[in-house]
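Chain by chain, the residues run as shown.
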Amino acid sequence: MEMSSSLVLRGDSGAPRNHTHEATTGEEAEISSFSDNDIMQSLGPALIACKYDISYATVERFSASLTKETKLKECLEILTSAVEFEQFSIRPGEEELIRSLFINNQRFSFDNPNCRDPHVKANALLQAHFSGQPLHGDLAADQKQVVLIASRLLPAMVDVIFFGGWLWLANCAMKVSQMVTQGLWDCDSMLLQLPYFTKELAQRCEDNPGTSVTSVYDFLEMEEHEWRDLLQMPDAQLFEIAKVCKRIPDIDLALHIQNSANIRAEEVISLHIIIERNLVGRTEVGPVYAPKYPKLKEEGWWVMVSDAKTNQLLAMKRVCVKRKSEKVKLDFAAPGQTGRKTYALYVICDSYIGCDLKHYFSVDVKSTGARKDDDYMKE
């Protein structure tokens, strides 16, 4: 019997994430069970609303407002336009406080913002969360609720985006999910997710002579004396940083393309993916390290496939990786044209910045002509 090919990604904990990983040929991955399909292509707005327990009007608003041209600023505006934020009425004296948030610290501002609009208030509070701007009293309490609501709305937004097939916008919404969890901007250093880190310390690590340190994975490759010389902190603080470094996800992938030698035009391509996680001496993942998030949060991942040439999003699932190994199956249609076709596989965390993986793979698509009897036997 002819064996289908298998691609295996071997990661290095010190390698930078968010880039293409080379694949090597390995033995066929054994797939016995898969995560439930969390994203079903038949879902409409009503079912998405039911799935996430949010307003149908919110899902309709997302569907009507999101386009392939939507950028981060517009994504935040559309997110905070949700019906769920209408509960945040403006208290006496808050209008000027909200206006000052936009003037002083926000990355994205409105032209003549209506600071009596609860959606504008939600936007201001969310941006203040990303900027680390301290709030007090009722506004601080409102901000916690805004963060929790945004975290619940974002998976629904990603589902809506999937139906448009917009890869870039899906990545953008997933980055917002990371920003909401960590209380950081997407352009901030990954190191700011660690305790005791400031922007100045993160810059010093990046400028470190000989070895620039820009990620948690860089730290894991360093010797203890190098840590001490670079960070210049008490042992108790160094110990806490080391503990958090080991909690931040370090994953590798094994990818098996089912029946890869006999894929026909317009037939289903099935990917069997194993997400391997280095637990660094632990037996389970545990909650996300996110001190700026209002409550304990369980880490989730989006697994996506896109056409590498057109960037069209073709398949997606949302999964939890609670154990050392998690199995995922993704199905999508082969193109109508024959020949070699290249795809991109993304594994994106909903909670941590800088832990995502991207991998390119190719399949040879054959014509839809009649198969020989022995072709069926090989399947």
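It should be noted that the structure appears before, not after, this text.
Residues numbered from 1 in each chain as written. Predicted model: local features only at pLDDT ≥ 70, side-chain atom pairs only at ≥ 80, totals over all residues. Heavy atoms only, no water.

Draft legend 1. Representation of the overall build of the protein. For the protein, the helix and strand inventory stands at 12 helices and 10 strands. Out of the 379 residues in the protein, the part that is buried amounts to 50%. In the structure as shown, the protein presents an accessible area of about 18,200 Å², 48% of it carried by carbon and sulfur atoms. (Helix = DSSP H or I, 4+ residues; strand = E, 2+ residues; numbered from the N terminus. Buried < 20%, exposed > 50% of the residue type's maximum accessible area, 1.4 Å probe, protein only. Areas by Shrake-Rupley, 256 points an atom, 1.4 Å probe, with all protein chains shown as cover.)

Draft legend 2. Examining the sheet that holds strand S9 (residues 339-349) more closely. Here 5 strands make up an open sheet; going across it, the order is S4-S10-S9-S6-S7 and the pairing mixed. In the strand order of this sheet, the two ends are held by strand S4 (263-264) and strand S7 (313-319), each with one partner. Sheet analysis places S9 next to strand S10 (residues 357-366), joined by 9 bridges and oriented antiparallel. From the neighbouring strand, Tyr-343 faces S10, where its bridge partner is Phe-361. Sheet contacts for helix H6 (residues 137-164): strand S6 (301-307) and S7; angle to S7, the most-contacted strand, approximately 160°. (Pairing = 2+ DSSP bridges. Contact = heavy atoms within 4.5 Å. Axes fitted to C-alpha atoms, helices over the stretch in contact; angles between N-to-C directions.)

Draft legend 3. View of helix H2 (residues 56-65). Looking at H2, one finds that the buried residues are Thr-58, Val-59 and Phe-62. The arc that holds every buried residue of H2, seen down its axis, measures 100°, which confines them to one face. The inward-facing, buried residues of H2 contact helix H1 (45-52), helix H3 (72-79) and H6. (Arc of directions from axis to C-beta.)

Draft legend 4. Seen up close, the pattern of salt bridges. Under the defined criterion, the tally for this structure stands at 18 salt bridges. For Lys-51, the salt bridge goes to Asp-159, with nearest N and O atoms at 3.2 Å. With Lys-51 in helix H1 and Asp-159 in helix H6, this pair connects stretches of sequence that are 108 residues apart. Classification of Lys-51 as partly exposed rests on a relative accessible area of 31%. In the salt-bridge network here, residues are joined through shared partners; they are Arg-91, Glu-94, Lys-121, Asp-138 and Asp-142. (Salt bridge = Lys/Arg side-chain N within 4 Å of Asp/Glu carboxyl O.)

Draft legend 5. Expanded view of the nonpolar core. Ranked by size, the top nonpolar core spans 118 residues in total, and within it Phe-219 and Leu-231 carry the most contacts. Here this core takes 14 residues from H6, the largest share from any one element. With residues near it in sequence (within four places) discarded, Leu-231 still touches Phe-197, Leu-201, Arg-204, Cys-205, Phe-219, Leu-238 and Ile-241. (Core = buried A, V, L, I, M, F, W, Y, C linked by side-chain atoms within 4.5 Å.)

Draft legend 6. The arrangement of the packing of H1 against H2 in detail. Between H1 and H2, the least distance of the axes is 8 Å, while the angle of their chain directions is 125°. Comparing their axes, H2 and H1 come out oblique. The way H1 lies across H2 gives a crossing that is right-handed. Of H2, the residues touching H1 (which contributes Pro-45, Ala-46, Ile-48 and Ala-49) are Tyr-56, Val-59, Glu-60 and Ser-63. Tallied by class, residues from the contact of H1 with H2 come to 6 nonpolar, 1 polar and 1 charged. (Parallel < 35°, antiparallel > 145°, perpendicular 65-115°, else oblique. Left-handed = near helix turned anticlockwise from the far one by under 90°. Nonpolar A, V, L, I, M, F, W, Y, C, P; charged D, E, K, R; others polar.)

Draft legend 7. Representation of unusual backbone geometry in the model. Even without being a glycine, Tyr-196 presents a positive backbone phi close to 70°. By secondary structure assignment, the location of Tyr-196 is in the loop between helix H7 (167-182) and helix H8 (199-206).

Draft legend 8. Representation of the packing of H3 against H6. At a closest axis distance of 11 Å, the pairing of H3 and H6 adopts a crossing angle of 110°. The angle between H3 and H6 places the two elements in the roughly perpendicular class. Crossing of H3 against H6: the hand is right-handed. In this structure, H3 uses Cys-75, Ile-78 and Leu-79 to contact H6, whose residues at the interface are Ala-150, Leu-153, Leu-154 and Met-157. Partitioned by chemical class, the residues of the contact of H3 with H6 number 7 nonpolar, no polar and no charged.

Draft legend 9. Structural detail: the pairing of S9. Bridge analysis of S6 against S9 gives 7 bridges, and the strand direction is antiparallel. Among the inter-strand pairings, Asp-307 is bridged to a residue of S9, identified as Tyr-343.

Draft legend 10. Inspection of the packing of aromatic side chains at higher detail. If you walk through the whole model with that rule in mind, you get 8 aromatic pairs. An angle of 35° between the planes, with centres 6.3 Å apart, marks the rings of Phe-85 and Phe-88 as tilted. Classification of Phe-85 as buried rests on a relative accessible area of 0%. The exposure class assigned to Phe-88 is buried, which follows from its relative accessible area of 5%. Plain terms: the ring middles of Phe-130 and Trp-185 are 5.0 Å apart, the flat faces sit at 70° to each other, and that makes the pair edge-to-face. (Phe/Tyr/Trp six-rings, centres within 6.5 Å; stacked < 30°, edge-to-face > 60°.)

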